[in-house]
Amino acid sequence: IHQPLPLQPDTSPSFVKARLVKMVFKRYVEVGRVVLINYGPDAGKLATIIDVVDQNKCLIDGPANLTGVTRQVISYGRIALTDLTVKISRNARQKTLTAAWTEADIQAKWDATSWAKKLAAKRKRATLSDFDRFKVMVAKKQKSSIIAKKMKELAA
């Protein structure tokens, strides 16, 4: 003869903690999400998701007059989602998208992000000549020697 267990909610610490966990993802594939293309002929350019095709692909548009990216279907593996979004409707026209980009000032917001600054620094380093790299090395040595002298003074 079995007696049924009383129906009480599980209040063990692990269960309580599980309810307090916040959402992990903050960037979603959605219409109006600004993306960075990281592979292909348009690599390094910004675009906007115009429509979701399926679970593997989406339709993006630059707008072409601002970013140089034409309307195309692209795989999610070739794009990186940014924190920026634009208020547009699904399958928005180029003119509507351009107006939304300029109104939201997306390019300036992107240029202010640390991600964009890091990419710009990487591009600049890639274009340095041998003599430029030498000058950078000398400057680093001078900086480290100044820091070492100051640290020695502070320690003494």
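These remarks concern the structure in this document. Please read these numbers as outputs of a predicted model, since none were measured by experiment. (Residues numbered from 1 in each chain as written. Predicted model: local features only at pLDDT ≥ 70, side-chain atom pairs only at ≥ 80, totals over all residues. Heavy atoms only, no water.)

All buried positions along helix α3 (residues 94–104) are accounted for by L97, T98, A100 and W101. Seen end-on, α3 carries its buried residues on one side only, within an arc spanning 165°. Every exposed residue of α3 that faces more than 90 degrees away from the buried side is listed here: K95, T102 and E103. With its phi angle positive at about 55°, D105 sits one or two positions after the end of α3. (Buried < 20%, exposed > 50% of the residue type's maximum accessible area, 1.4 Å probe, protein only. Helix = DSSP H or I, 4+ residues; strand = E, 2+ residues; numbered from the N terminus. Arc of directions from axis to C-beta.)

Time to look at the sheet that holds strand β5 (residues 79–85). Across the sheet, which stays open at both edges, the five strands sit in the order β4-β3-β2-β1-β5 with antiparallel pairing between neighbours. Looking along the sheet, the strands with just one partner apiece sit at the ends: β4 (72–75) and β5. Strand-to-strand twist of the sheet, defined as the mean angle between neighbouring strand axes without regard to direction, takes the value 50°. Across the sheet, α3 is in contact with β1 (33–37), β2 (46–52) and β3 (57–61); its angle to β2 comes to roughly 130°. (Pairing = 2+ DSSP bridges. Axes fitted to C-alpha atoms, helices over the stretch in contact; angles between N-to-C directions. Contact = heavy atoms within 4.5 Å.)

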